[in-house]
Amino acid sequence: MGILEKISEIEKEISRTQKNKATEYHLGLLKAKLAKYRVQLLEPTKGSGLKGEGFDVMKSGDARVALIGFPSVGKSTLLNKLTKTHSEAGAYEFTTLTCISGKIEHNGANIQLLDLPGIIEGAAQVKGRGRQVIAVARTADLIVMMLDATKSGQQRTLLERELEAVGIRLNRGKPNVYFKVKTGGGISFNATVKLSHLNEKMVYHILHDYKIFNAEVLVREDITVDEFIDVVLGNRKYIKCLYVYNKIDSITLEELDKLAHELNTIVISCEMDLNLDYLVDQMWRHLNLLRVYTKKRGEYPDLEGGLIVRKGATVEHVCHAIHRSLADEFRYALVWGTSTKHNPQRVGLSHIVDNEDIIQVVKKK
């Protein structure tokens, strides 16, 4: 029996099994087996590399955004509208057959936008070009899920299921669990909170199923069986996602209002250029990008250029962005902006900067 058949059998057994206290242990073991087979399915077999045009695009700019959606939802049209790149757009499905890259310039940042071929149902089972599309999506800092406002809400659920099946977790944080494989001593399990979905027996059997017999597990939050399996596998990607509904010019105001109030959702019309500026602003915000300015002693700050860093970046990160050796020669920095108690404030390398801060670095003599 092949991997696809094994996955299908387990999925059928999970759907047949009633979910209650008596069956949750059995379901947990089935989910562990299912996750193991899915990992095997996505790992390329030796010598299976296809000849021809390369699919991935070299990462460039300050951040990468991937456009994902079913065929003919307007991904190529959006790329053409937001960037200077031309991606073939048509009223028929599968117009885009490879990965096309464009660049958005916003607030001084260069954001790489990738137009990926349309995903078909079953992409997680390597149908179509599902494996390549999903592999590129895993390298993105943000996923923009393009949806058709004129079609049913089921399209969003199907896409989320395909991404979930290959280890992409949307708009979720990493579970607060300490997990370390050891060379001896057996399995040590502790929890600092009351667990409603997981118990010590289930943890032992899941770890044994993955041939792990010596490990330390410390659970700091009430997690599900699926989340614990994610921790054990260690190859999950936690990526922010924006749900973008296109073609809003073809629906009623009541339907539009309902979609617009959903969480992490933006409504647009590529055809009529509606709400595209707001979409780019939300991309910037969800990417957690900051713009900081530099200043030389006795001169005005350079407000034309600026450096792009991530939210939570320190003065040390800014020094590395200016020059890799600057942190070694660092003495102190003067900072003007919202991250300080007074302007200017003398700070060290560990000071966390805020958006539009101005920084003057003083080197050792």
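Notes on the structure follow. In this convention, every chain numbers its residues from 1, walking through the sequence in written order. Thresholds applied to this predicted model are a pLDDT of at least 70 for local features of residues and 80 or more for the giving and counting of side-chain atom pairs; totals over whole chains, interfaces and linings are not thresholded and use all residues. Hydrogens and water molecules were not included; the side-chain quantities draw on all heavy atoms of the structure.

## A short note on the overall build of the protein
Now for step 1: Each helix and strand counted, the protein has 10 helices and 15 strands in total.
Now for step 2: Here the protein holds 365 residues, and 43% of them are scored as buried.
Now for step 3: Residue contacts are counted whenever heavy atoms from the two residues lie within 4.5 Å of one another. In the protein, the proportion of contacts linking residues at least 24 apart, taken out of those at least 6 apart, comes to 65%.
Now for step 4: In short, Shrake-Rupley with a 1.4 Å probe defines the accessible areas, and a residue's cover is counted only from the protein chains shown. Summing over all exposed atoms, the protein offers an accessible surface of approximately 20,000 Å²; the carbon and sulfur share of this is 50%. Every helix listed is a DSSP run of H or I at least four residues long, and every strand listed is a run of E at least two residues long, numbered separately from the N terminus. We call a residue buried when its accessible area falls under 20% of the maximum for its residue type, exposed when it is over 50%, and partly exposed in between, using a 1.4 Å probe and counting protein chains only.

## Observations concerning the nonpolar core
Now for step 1: Nonpolar core, defined: a set of buried Ala, Val, Leu, Ile, Met, Phe, Trp, Tyr and Cys residues in which side-chain atoms within 4.5 Å join the residues together. Leu-78, Leu-82, Ile-168, Leu-279 and Met-283 are the most contacted members of the largest nonpolar core, which totals 56 residues.
Now for step 2: Among all residues touching Leu-279, those that are not within four sequence positions of it are Leu-78, Leu-82, Leu-242, Val-244, Ile-266 and Ile-268.
Now for step 3: Grouped together as the second largest cluster of nonpolar side chains are 22 residues, Leu-198, Tyr-210, Val-219 and Val-232 included.

## As for the packing of helix H6 (residues 200–209) against helix H7 (residues 225–233)
Now for step 1: Helix axes are fitted to C-alpha atoms over the stretch in contact, other axes to C-alpha atoms as well, and angles between N-to-C directions run from 0 to 180 degrees. At a minimum axis separation of 11 Å, H6 and H7 run at an interaxial angle of 40°. Taken together, the axes of H6 and H7 lie oblique to each other. Taken as a pair, H6 and H7 cross one another with a handedness that is right-handed. Every residue of H7 that contacts H6 at Met-202, Val-203, Ile-206 and Leu-207 is listed here: Val-225, Phe-228, Ile-229 and Val-232.
Now for step 2: Note on residue categories: nonpolar means Ala, Val, Leu, Ile, Met, Phe, Trp, Tyr, Cys or Pro, charged means Asp, Glu, Lys or Arg, and polar means any other residue, Gly included. Within the contact of H6 with H7, the residues separate by chemical class into eight nonpolar, no polar and no charged. Orientation is classified from the angle alone, with under 35 degrees giving roughly parallel, over 145 giving roughly antiparallel, 65 to 115 giving roughly perpendicular, and any other angle giving oblique. The handedness criterion is simple: a crossing whose near helix is rotated anticlockwise from the far helix by less than a right angle is left-handed, and one whose near helix is rotated clockwise is right-handed.

## Thoughts on the packing of helix H3 (residues 75–82) against helix H9 (residues 276–286)
Now for step 1: Interaxial distance between H3 and H9 falls to 11 Å at its minimum, and their mutual angle equals 90°. In terms of axis orientation, H3 runs roughly perpendicular to H9. On H9, the residues that touch Leu-78, Lys-81 and Leu-82 of H3 are Leu-276, Leu-279, Val-280 and Met-283.
Now for step 2: Across the contact of H3 with H9, the residue classes break down as six nonpolar, no polar and one charged.

## Regarding the sheet that holds strand E6 (residues 177–181)
As a general point, the strands of a sheet are linked pairwise by backbone hydrogen bonds and lie either parallel or antiparallel.
Now for step 1: A pair of strands is considered paired only if DSSP assigns at least 2 bridges between the two. Taken in spatial order, the three strands line up as E6-E8-E7 in an open sheet, and their pairing is mixed. The sheet is open, and its two borders are formed by E6 and strand E7 (187–191), each paired with just one other strand. Sheet twist, expressed as the average angle between the axes of neighbouring strands with direction ignored, equals 5°.
Now for step 2: In the sheet, E6 pairs with strand E8 (residues 215–219) via five bridges, with the strands oriented antiparallel. In the sheet register, Phe-179 faces E8, and the bridge partner there is Val-217.

## Here we look at a positive patch on the surface
Now for step 1: To count toward a patch, a residue needs a relative accessible area above 30% and no salt bridge. Like charges then connect within 9 Å, nonpolar side chains (Val, Leu, Ile, Met, Phe, Trp, Tyr) within 5 Å. Salt bridges are defined by distance alone: a side-chain nitrogen of Lys or Arg within 4 Å of a carboxyl oxygen of Asp or Glu. Charged residues are defined here as Lys and Arg on the positive side and Asp and Glu on the negative side; His and the ends of the chain fall outside this count. A single reference atom marks each charge: NZ on Lys, CZ on Arg, CG on Asp, CD on Glu. On the surface, a cluster of positive charge is made up of Arg-297, Arg-331, Arg-346 and Lys-365.
Now for step 2: Residue placement: Arg-346 occurs in strand E14 (residues 345–347).
Now for step 3: Relative accessible area serves as the criterion here: at 54%, Arg-346 is assigned to the exposed category.

## A look at the packing of aromatic side chains
Now for step 1: Centres within 6.5 Å make a pair out of two Phe, Tyr or Trp rings, where for Trp the six-membered ring is used; the pair is then stacked when the planes are under 30 degrees apart, edge-to-face when over 60, and tilted otherwise. Inspection of every chain in the model, using the stated rule, returns zero aromatic pairs.
Now for step 2: Over a ring means this: the NZ of a Lys or the CZ of an Arg is within 6 Å of the ring centre and within 35 degrees of the ring normal. Over the aromatic face of Tyr-243 sits the side chain of Arg-156, whose NZ or CZ is 3.6 Å from the ring centroid.
Now for step 3: In this structure, Arg-346 is placed above the aromatic ring of Tyr-332, and the distance from its NZ or CZ to the ring centre is 3.8 Å.

## Observations regarding the pattern of salt bridges
Now for step 1: Counting across every chain of the model gives 12 salt bridges.
Now for step 2: In this structure, Asp-148 and Lys-247 form a salt bridge, with 3.2 Å as the shortest nitrogen-oxygen distance. Placement of Asp-148 in strand E4 (residues 142–148) and of Lys-247 in the loop between strand E9 (237–246) and helix H8 (253–260) is noted, with a sequence separation of 99 residues between them.
Now for step 3: Exposure remark for Asp-148: the relative accessible area of 2% places this residue in the buried category.
Now for step 4: A relative accessible area of 28% places Lys-247 in the partly exposed class.

## Some points on helix H5 (residues 154–165)
Now for step 1: Working rule for helices: expected span equals 1.5 Å times residues minus one. Taking 1.5 Å of rise per residue, the 12 residues of H5 would be expected to cover 16 Å, and the 17 Å separating its terminal C-alpha atoms lies within 8% of that figure.
Now for step 2: Within the sequence span of H5, burial applies to Gln-155, Arg-156, Leu-158, Leu-159, Glu-162, Leu-163 and Ala-165.
Now for step 3: Gly-167 sits one or two residues past H5 and shows a positive phi near 85°.

## Thoughts on helix H10 (residues 315–322)
Residues that lie three or four places apart on an α-helix share one face, since the helix turns once every 3.6 residues.
Now for step 1: Listed in full, the buried residues belonging to H10 are Val-315, Val-318 and Cys-319. Angular distribution of buried residues about the axis of H10 spans 100°; they occupy a single face of the element.
Now for step 2: Residues of H10 that are buried sit in contact with strand E11 (289–294), strand E12 (307–310), strand E13 (330–336), E14 and strand E15 (358–363). As used here, the arc belongs to the directions running from the helix axis to the C-beta atoms.

Nothing here speaks to function; it is geometry throughout.
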